[in-house]
Every structure is written in C-alpha cells, then in structure tokens.
Amino acid sequence: MYAEHFSEPATSHVASAPIEHQFYPYASNGGTILAIAGADYALLAGDTRHITGYSINTRFRPSIHTLENLGGPERAIVVAANGFSADGDALVRRLAQRAEWYTYNHNKPLSVSACARLVQTMLYGKRTFPYYVHTIVAGLDESGRGEVYSFDPVGSYEREQCRAGGSAASLLMPFLDNQVNKKNQYDAATGLPQVATDLPLEETLKLVKDAFSSVTERHIHVGDYLEIKIVTKEGVKVEYFPLKRD
Amino acid sequence: MFRNSYDNDSITYSPTGRLFQVEYALEAIKQGSASVGLVSKTHAVLVALKRNAEELGSYQKKIIRIDNHLGIALAGLAPDARVLSNFMRQQAMSSKMIYNRPIPVSRVASEIGDKAQKNTQVYGKRPYGVGLLVAGYDETGPHLFEFLPSGTVLEYFGAAIGARSQSARTYLERSFESFADCSAEELVLHGLRALRDTLAQDKELTIQNTSIGVVGLDSPFKLYDNEEVGEWLEKLGDVGSSRGRRQAEEAAAEAAAASAAAEAADTDAPTTDAPAADDEAAADLPAEPIETDD
C-alpha cells in the first residue's frame, strides 16, 4: 500500500558522490492488525510487538484503543491505527477527544458510521503531511450487527466484512478472503461456489488465533502477544494470547 | 442594594472598598433555583431543582457532566454556565492528554476562578452571572468546590446556592457530621432533604424538577434525570416542602385537639385549624423571585 522506509544504518564506505542527510519524519513500528464483523459482534485483533528495523523496542505495546462513547456498553467503538506508532497514537488521542465533544454537543453517543466519516476528515485534514497509518474502526451498528471500516493514510475508507492491516496484511487478507468469505471454495457435491455465512464468535476467534500464529512464523515483525478486543451488546471484552517471540 | 455612583463598571471601587458589579452578579445567583452539593469520604453528590419558564416548556438543565470524574451544578445565568462548562471540558481534556491523568478537581476549579476574576478587572466586561458547585473525585478523594463570579473558589463539606438556599444550608449544618461515613445512597438522600427545604410553598420534588449527580471511587460521574430520579424520590418518601409539612402537622395537631375538645365539651365544635396555619403561611411566603433563564 505504501513503501516502508528503514533509516540507513551508519556505514564507513567511501561515497562516490556527496551524501545528503536529512531528517525523515516517519518510521515504521511494525505490527499487524485484523478486524472481522459478525452478526452480533465485531472484533479488532493485533499483535503487541513494537519494532524499529530489525530490533524489538518492546514485546507488549497494546495498540487497540477503546472509545467508551457514553451511551451504553454496546455503543463502544474500538480503533487501531497501525504503521508509524507516534502518528497512530496522536490520531487515536485526537479521535477520542473529538468523540467526547460529539457526545457533549449532540447528547448521544457517536455511531460507528459517523465515527468513520470523522476519521476520514481527520486523516484528509493532514493530506499534505499525512498520518502514516493504516486505520481500522470497529463496532456495532444501530441494529446490533458488527461493522468494520478501514482507511488508507489520507482517509479513503470503506465498510467491509473483514480487513487486515499493517506489516503482514498481505499474508492475512488472502487467508481471510478464503476462510471468512469462502472465496475460491466450492461445494463438493454441487460444484457451486460456497456461500459465506455469518460465523459464530468462537469460530472467528479460532481463525484469528490461527491467522496470527501463521503470520508470526513467516513475518519477522509479528509476534510476542496477540491482543483481541471484541465488541458485543455487553460491551468490550479483551483477551491476550502469547505468540512466538523470535 | 441601592443605585449609587460606584456601580457603573467592574473596575470602580466604592469608598468602602466594594466592587458593586461583582456583588450584583452574586444577586443573579440568588435568583436562580437551588443547587446543593455534599461530600462523604468516598463520594460527592449534587442535587438541583430545575425550573421551567412555562408549564409546557422544558426544564432548565442544572447539572452538567464535565468529565468521567467531574460534574457541576449551577444557579444563575445558565448561558454563562454553559460557556464555563465548555471551558472546563476543554481544560479537563487537554490536561488528560498532556499529563495522562484526570484533571484534579482543585485545578479545574481554580482555572475557572482565575477566568472569572479577569472579568472583574477589565473595563467593558461583566462578571459571570452564575455560581457553580464543582463536585468530583480525584487522586486525593472526593471534593466539592463552590465557584462564585468574584473568582472566589472555596472547598466545602456541604454547600447550597440559589433561591432559598439558606434553608438547605441550615439542614446541611445540622447534619454534616454524619456525611463522612455515609454511603452514596445516604448522601443523596441527605442532599434531597436539603433541597426539599428550599421548595416554595405547596411545591414538591418531582421527577421533572429534580436532578441528581453522583461521583465517587470506582463510580464515574452519573447524572440522574426524569424517570431515573423516581426511585430516589421514593426512597426519600416525603417530597413536599418542609414548610408545607410543618403546617400540615400543625393543622392535624390542631384538628386532633379540636375534635378532642369537641368530644369533651359536646358543644358546637369550632375548628380553629385554619387561622394559625394561614398566618404562618403569609409571613413565610416570599415574593416570587424574578424569573431568570435559570
């Protein structure tokens, strides 16, 4: 989606031409996030590893935030902004403030769809110096169905059934297309394509855990711990699972 | 208060060292309906009497949530309270962003105190016309501050502002020693009893005119309005003004005495319950205050 940039390590080679050094305002802090919308739940999962280059900064830096959203537990919204974590943190903090003002000014909680539009305006507001993040927002819509929206760094967004973002997005998305939306799967008897149905939460959680343990194997920036936040009408539940630490 | 030549602007002292504009601002608070606040070791509670300008109109909101751990009750010019509450919300949010902790109650109270003071020392501006009771819970426990247009901010165990608030203050003074160990529920009931004493003749606390705010350890600021107030009023029991209650008690006592006398005397029974009550009512009944926005 966008080229990752690693700062050049210091070397002592002789340059054939003058090298110009300049401050580069972005960094990549790794991590991968994944969101899936169900019939009566929405979940946002992400690993907690925080990296720069080939080094681990910390194994446990949760990156999925909850907007409490006065109104009721089912109105909570979970947000993750993955990529350059300073921009991700700044965006989520500002979003939390904007959501709070919304509840004061409108005397009602921010709906997920309104929150999504708000995120677009916030991201596009920095079109000339973007937030270097892939953002995902998840919650329950007005009728209680799971709702997931994902964004590019400058605010292009769409409602989706499921979305992976971050370092290992390219590994996860095809897996999700196949397992959640039953793509390229045919019914053995009729030869017709399988139809995607709403998955129960336990099934989805198994998929998420398997997905993350798989990308942990193959992607150096993913590992340590898996954080999953699940939004249901009872509110937000958070679960942690260990991942391989290599 | 008399019109005099030292009350034209906020920046003129009187010969006796008073700032009349600030004092007139305090009068505006007395025109609003009552708000009461009280603290225990674990909670801070606000109760307020809402007023409506017309029977078919909505009741003016009296308690405003500032943050998860903070709320205010107002008396006086409600639009001024709105402006101040917005400012407090901004301060609370930015303080939380910068220091990663909820704003201490004393900090936000002194910030609006300083803001109000500016308007008492600038030509062309008027002092805010609203008093606030700021109730919140922070690292140092529950707190209640009274904010006045002069910029004075003082901390209290129990406070009341607005019309007939002295009656509430009297109740609080009598019972405050028991506040510290009260449960949240007991504290709310104390507040409601104090508020009840500020009611005018023949009025009572209803779900429409009563507002309650509670905050404490492990309990974020919660505002109770309309139906949710019903259960509190039921726990309270008697929702009428204590003046009304006293008169009813006296009337009942007189009637009982009179009927007892009648039985004994067996003559035409003159019931004398009415006159005494009316006299007391006439003396008690204050002129209805001029209706402000509050």
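Residues numbered from 1 in each chain as written. Chains lettered and ligands numbered in written order. Predicted model: local features only at pLDDT ≥ 70, side-chain atom pairs only at ≥ 80, totals over all residues. Heavy atoms only, no water.

This brings us to empty space enclosed by the protein. All names here are of chain A. Under the definition given, this model contains 1 cavity of 30 Å³ or more. When its volume is computed, the largest cavity comes out at roughly 210 Å³. Considering the residues around the largest cavity, the lining is formed by 21 residues, among which His50, Arg61, Ser63, Asn82 and Ser85 are closest to the centre. Mapped by element, the contributors of at least two residues to the lining of the largest cavity are strand S1 (32-37), strand S2 (42-47), strand S6 (77-83) and helix H1 (85-106). In terms of residues, the lining of the largest cavity owes the most to one element, H1, which gives 4 residues. (1 Å grid on protein atoms, 1.4 Å probe; cavity = no way out; pocket = protein on both sides within 12 Å on 5 of 7 lines; lining within 4 Å. Points joined across faces, edges and corners; volume = space filled by probe spheres on them. Helix = DSSP H or I, 4+ residues; strand = E, 2+ residues; numbered from the N terminus.)

Another aspect to go through is the interface of chain B and chain A. Taken together, the contacts link 11 residues of chain B with 7 residues of chain A. For the pairing of chain B and chain A, the buried interface totals around 910 Å² over both sides, and the portion due to carbon and sulfur atoms is 57%. When the buried area of chain B at its contact with chain A is split by residue, B:Arg65, B:Met93 and B:Met97 rank highest and sum to 60% of it. On the surface where chain B and chain A come into contact, there are 0 salt bridges. In this assembly, chain B and chain A are joined by 3 residue pairs in polar contact (both at pLDDT 80 or more). Of all the elements in the fold, those that place two or more residues in the side of chain B that touches chain A are strand S3 (63-67) and helix H2 (78-99) of chain B. Of all the elements, H2(B) adds the most residues to the side of chain B that touches chain A, at 7 residues. The residue inventory of the side of chain B that touches chain A, partitioned by class, reads 3 nonpolar, 4 polar and 4 charged. (Contact = heavy atoms within 4.5 Å. Buried area = accessible area lost by both parts, 1.4 Å probe. Salt bridge = Lys/Arg side-chain N within 4 Å of Asp/Glu carboxyl O. Polar contact = N/O pair within 3.5 Å; in protein donor to acceptor, adjacent residues only side chain to side chain. Nonpolar A, V, L, I, M, F, W, Y, C, P; charged D, E, K, R; others polar.)

For chain B, the average pLDDT comes to 88, and 86% of its residues sit at 70 or higher. Ignoring residues within four places in sequence, the model shows residues 269-293 of chain B, a span with pLDDT below 50, making 30 contacts including any to other chains. (pLDDT = per-residue confidence, 0-100.)

Turning to the sheet that holds strand S2 (residues 43-49) of chain B, a few remarks are in order. Working definition: the strands of a sheet are paired by backbone hydrogen bonds and lie parallel or antiparallel to each other. All names here are of chain B. The sheet built from 5 strands is open, its strands ordered S8-S1-S2-S9-S10 with antiparallel pairing. One side of each edge strand has no neighbouring strand; the edge strands of this open sheet are strand S8 (158-161) and strand S10 (219-224). On average, adjacent strands in this sheet sit at an angle of 10 degrees to one another, irrespective of strand direction. The pairing of S2 with strand S9 (residues 210-216) spans 7 bridges and is classified as antiparallel. Looking across to S9, one finds that alanine 48 is bridged to serine 211. Packing against the sheet, helix H6 (residues 227-236) makes contact with S9 and S10, and its axis sits at approximately 95 degrees to S10. (Pairing = 2+ DSSP bridges. Axes fitted to C-alpha atoms, helices over the stretch in contact; angles between N-to-C directions.)

All names here are of chain B. Residue placement: isoleucine 64 occurs in strand S3. The spacing of isoleucine 64 and lysine 222 is 158 residues in sequence and 10.0 Å in space, taken between C-alpha atoms. In contact with isoleucine 64, not counting residues within four places along its chain, are Gly71, Ile72, Leu74, Ser85 and Arg89.

The next thing to look at is the pattern of salt bridges. Scanning the entire structure with this criterion turns up 20 salt bridges over all chains. A:Glu203 is paired through a salt bridge with A:Lys206; the nearest N and O atoms lie 3.7 Å apart. One end of the pair is A:Glu203 and the other is A:Lys206, both in helix H4 (residues 201-218) and 3 residues apart, which spans about a single turn. Judged by its relative accessible area of 37%, A:Glu203 is partly exposed. Among the salt bridges present, the one from B:Lys235 reaches B:Glu231, with a minimum N-O distance of 3.8 Å. Here B:Lys235 pairs with B:Glu231, and both are found in helix H6, just 4 residues apart, close to one helical turn. When salt bridges with common partners are traced through the structure, they connect A:Arg49, A:Arg59 and A:Asp224 into a single cluster. (Buried < 20%, exposed > 50% of the residue type's maximum accessible area, 1.4 Å probe, protein only.)

Now for the sheet that holds strand S9 (residues 157-160) of chain A. Residue and element names in this part refer to chain A. The sheet built from 5 strands is open, its strands ordered S5-S6-S7-S8-S9 with antiparallel pairing. The two strands at the open ends of the sheet, each matched to only one other strand, are strand S5 (64-67) and S9. When the angles between neighbouring strand axes are averaged without regard to direction, this sheet yields 20 degrees. Here 4 bridges tie strand S8 (residues 146-151) to S9, and the two strands are oriented antiparallel to one another. Looking across to S9, one finds that valine 148 is bridged to glutamate 160.

Looking now at helix H5 (residues 184-196) of chain B. With 13 residues, H5(B) extends 18 Å between its outermost C-alpha atoms, agreeing within 8% with the 18 Å of an ideal straight helix rising 1.5 Å per residue. Within the span of H5(B), buried status applies to B:Leu187, B:Val188, B:Leu189, B:His190, B:Gly191, B:Leu192, B:Ala194, B:Leu195 and B:Arg196. (Expected span 1.5 Å × (residues − 1).)

For the rest of this paragraph, the subject is the pairing of strand S5 (residues 130-138) of chain B. Residues and elements named next belong to chain B. For S5, the tally of buried residues reaches 9 of 9 residues, placing the bulk of the element in the interior. With burial as the criterion, each face of S5 is covered, one bearing Val130, Leu132, Val134, Gly136 and Asp138 and the other bearing Gly131, Leu133, Ala135 and Tyr137. Relative to S5, strand S4 (residues 70-76) is paired through 7 bridges, and the arrangement is antiparallel. Bridge assignment links alanine 73 to a residue of S5, and that residue is leucine 133. As defined by bridge partners, S5 adjoins strand S6 (residues 141-147) across 7 bridges and the pair is classed as antiparallel. The residue of S6 that forms the bridge with alanine 135 is leucine 144.

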